[in-house]
Each structure stands twice: as C-alpha cells, then as structure tokens.
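Here is how the chains run, residue by residue.
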Amino acid sequence: MSALPLSPQVFSILTMLIEQRAGLHYGPEDRDLLSEKVSSRALDAGFDSLLDYYYFLRYDPKGSEALDALVDSLLVHETYFFREPQALEALVDEVLVPRARAGLKPRVWCAACATGEEPLTLAMLLDARGVLADVSLLATDLSTRALERARTGEYNLRCLRALPKGVEGRWLDVVGSRPRVRPELVAKVEWRQLNLMDGANYPAPETFDAVLCRNVLIYFQDDTARRVVDGLTRVLKPGGHLLVGTSESLMRFGTALHCEERRGSFFYSKAGP
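Owing to the predicted nature of the structure, the values given are computational and were not obtained by experimental measurement.

Grouped together as the largest cluster of nonpolar side chains are 42 residues, with contacts concentrated most on F81, L91, L120, L122, L137 and W191. Among the elements that line this core, the one with the most residues is helix α5 (residues 85-101), at 9 residues. When neighbours within four sequence positions are excluded, L120 is seen to be in contact with F81, Y155, V181, L185, V186, V189 and W191.

This next bit is on the side chain of T121. Its place among the elements puts T121 in helix α6 (residues 117-128). Of the polar contacts made by the side chain of T121, one reaches the backbone nitrogen of F82; its length is 3.1 Å.

The next thing to look at is the domain arrangement of the chain. Annotation of the chain at the domain level lists domain 1 (8-74) and domain 2 (85-270). Distance from the C-alpha centre of domain 1 to the C-alpha centre of domain 2: 30 Å. Each side of the interface is counted separately: domain 1 has 10 residues, and domain 2 has 10 residues. Surface buried jointly by domain 1 and domain 2 totals about 760 Å² across both partners, of which 48% is contributed by carbon and sulfur atoms. Together, G23, H25 and D72 form the three largest contributors to the area buried by domain 1 at its contact with domain 2, with a combined 50%. The interface formed by domain 1 and domain 2 holds 1 salt bridge in total. R145 serves as the salt-bridge partner of D72, at 2.9 Å between the closest nitrogen and oxygen. One can count 6 residue pairs in polar contact (both at pLDDT 80 or more) joining domain 1 with domain 2.

One can describe the packing of helix α1 (residues 8-22) onto helix α4 (residues 63-74) by two numbers: an axis separation of 11 Å at closest approach and a directional angle of 85°. It follows from the interaxial angle that α1 and α4 lie roughly perpendicular. Packed against α1, whose contacting residues are L17, I18, R21 and A22, the element α4 presents S64, L67, D68, L70, V71 and L74 at the interface. Its residues placed into classes, the contact of α1 with α4 shows 7 nonpolar, 1 polar and 2 charged.

What counts, and where the lines are drawn
- Sequence order sets the numbering: in each chain, residues are counted from 1 along the sequence as written.
- Local features are withheld for residues below a pLDDT of 70 in this predicted model, meaning they are given only at 70 or higher, and side-chain atom pairs are given and counted only at 80 or more; totals for whole chains, interfaces and linings count all residues.
- For side-chain calculations, the full set of non-hydrogen atoms in the structure is used, while hydrogens and water are omitted.
- Here, nonpolar core means buried Ala, Val, Leu, Ile, Met, Phe, Trp, Tyr and Cys residues that are tied together by side-chain atoms lying within 4.5 Å of each other.
- Only protein chains enter the accessibility calculation, which uses a 1.4 Å probe. A residue is then buried if its area is under 20% of the maximum for its type, exposed if over 50%, and partly exposed in between.
- In DSSP terms, a helix is any run of H or I states spanning at least four residues, a strand is any run of E spanning at least two, and both are numbered starting from the N terminus.
- The criterion used for residue contact is that any of the two residues' heavy atoms lie within 4.5 Å.
- Counted as a polar contact is a pair of N or O atoms within 3.5 Å, where, for protein atoms, one must be capable of donating a hydrogen and the other of accepting one, and residues adjacent in sequence contribute only when both atoms are in side chains.
- What fixes the domain bounds is an automatic or database domain assignment.
- The term buried area refers to how much accessible surface (probe radius 1.4 Å) is lost by two components on association, counted for both of them together.
- Whenever a carboxyl oxygen of Asp or Glu lies within 4 Å of a side-chain nitrogen of Lys or Arg, that contact is scored as a salt bridge.
- Each axis is a line fitted through C-alpha atoms, taken for helices only over the stretch in contact, and angles between the N-to-C directions span 0 to 180 degrees.
- If an angle is under 35 degrees, it is roughly parallel; if it is over 145, roughly antiparallel; if it lies from 65 to 115, roughly perpendicular; otherwise it is oblique.
- Throughout, the ten residues Ala, Val, Leu, Ile, Met, Phe, Trp, Tyr, Cys and Pro are labelled nonpolar, Asp, Glu, Lys and Arg are labelled charged, and all others, Gly among them, are labelled polar.

Written as structure tokens, this is what we have:
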C-alpha cells in the first residue's frame, strides 16, 4: 500500500491535532513516517485524501472516536518486565516498604503504563518483600487496547528479556511460549484509562507517595512535558517522589521538585510538610 500525499500544510494541521489530543510531537523529519501510518487509517475509513481525513477527524461527530483509534495506533507500547530495575528496587526498598511497615498504606501511580509490565514488576517486588497487600497500585494509559492486554496478564517472550531468576513459576508461567502473569497479581493493580493531556481527570492532589512516568516525556515538546510534570507534581503528597526514565531529565523545566540520587537513579522529590 502506498502512502497518500501529505503536503506540509496538511502535515502541520494533522500533527497539531494529534499533539493536542495525546501530546505526541512530530517534527518535519517525521513526515514520511506519519504519512504511512495515517494513510492506512484514512484508507480503511474510506478516504483517499489526508485533508479530507483531517476534516473528518476534526469536525465529524464520529471523528473523535476515530482520532482516539488513530492515536492508539501511533503510541509506542514497547516495554518489558524489570526495565530499568534499579529505580524500582530503590523505590520499593527505601520508600514503599518502610511506609508500608509503618502502616501508612503508600500509594503508587504508574502513569502511561502501556501494557502493564512496569506496575506488575512493582507488584512482584512488593510481594517478594511481603508488603503487596499494604501498597495501593494504580496503572493508567491512554490506550484502551494496551490496558485490555494488561488486564489479561498475557504477554510475549520479548517481554521477559530482562527477567531475573525466580520470577517464572512464582508470579508468572510460560505455557506454550506464552507468558501469563498470575491473575491474583494482576488483580492487585487498579487499571484505568487516562489521558495525560487531560489534567482534570488526574487523581486528587497530594494523594500519592510516588508517581512513575518513565520513557514518556521524550515524546513531548518541552511545554507539554512541563504541563504534565506540573500535574503529576500536584498529585504527589509532600515528600513524595516522581520517577522518569534514565534518558529523561526534568532539570531544564525549572521544576519545583528536588533531584536526588538513589542507587544510581534520579528521584525528583516534592518538598516535605
């Protein structure tokens, strides 16, 4: 299938629409890539012009649902169990376990969790330390398709490429080359659809001990990332922590969060009471 023509003008208004909905930023160098991906959706919907498809997405009563489906197809769901584990282990051992054993019932929000490997890794680490029942885990993503997969607990072998010994057979099983996380572990996570661009639907202010938004901000322009970080900061309790990916930094945003290193990972911490 050949891509439909995408003029600079249509590319500009189409990418603006996508960025407004999901925060995803496409520069001029991405035009050919986006043309291929959007053309497939447009042709399937019966359009042979990307300008006509844009008008449908923007103005037709059915366009909003189609735009969500388009954005879903553009999202990067590449993740795996025990990705960048040092930060997760530091969070569990130095923050969550002490607060759980003190009876404080800590809460963690995994924002943009994709297909759920990150919150399920956290659940495994917490269960290994005997405090899973004392920690509340919320996992959200823009993609309903990714969340449906997370709720099933069914994965592929690529998701296991960093799996440490002792996990298989305890929290997940591989049957016929299909890994499946045990249902009782999946049930420990609250799965919810949430668009990080929609700050009005964020959890209540100052209700979480930690928020993880890892390997997400790299897809946003600075002003979008700053707005998301501000929203995530409001959700943190005083003394709470925000974790981003190892390739991401908040320092250029002038954030009010204090940066500290724990076990080689950076924690961005909100001022205490």
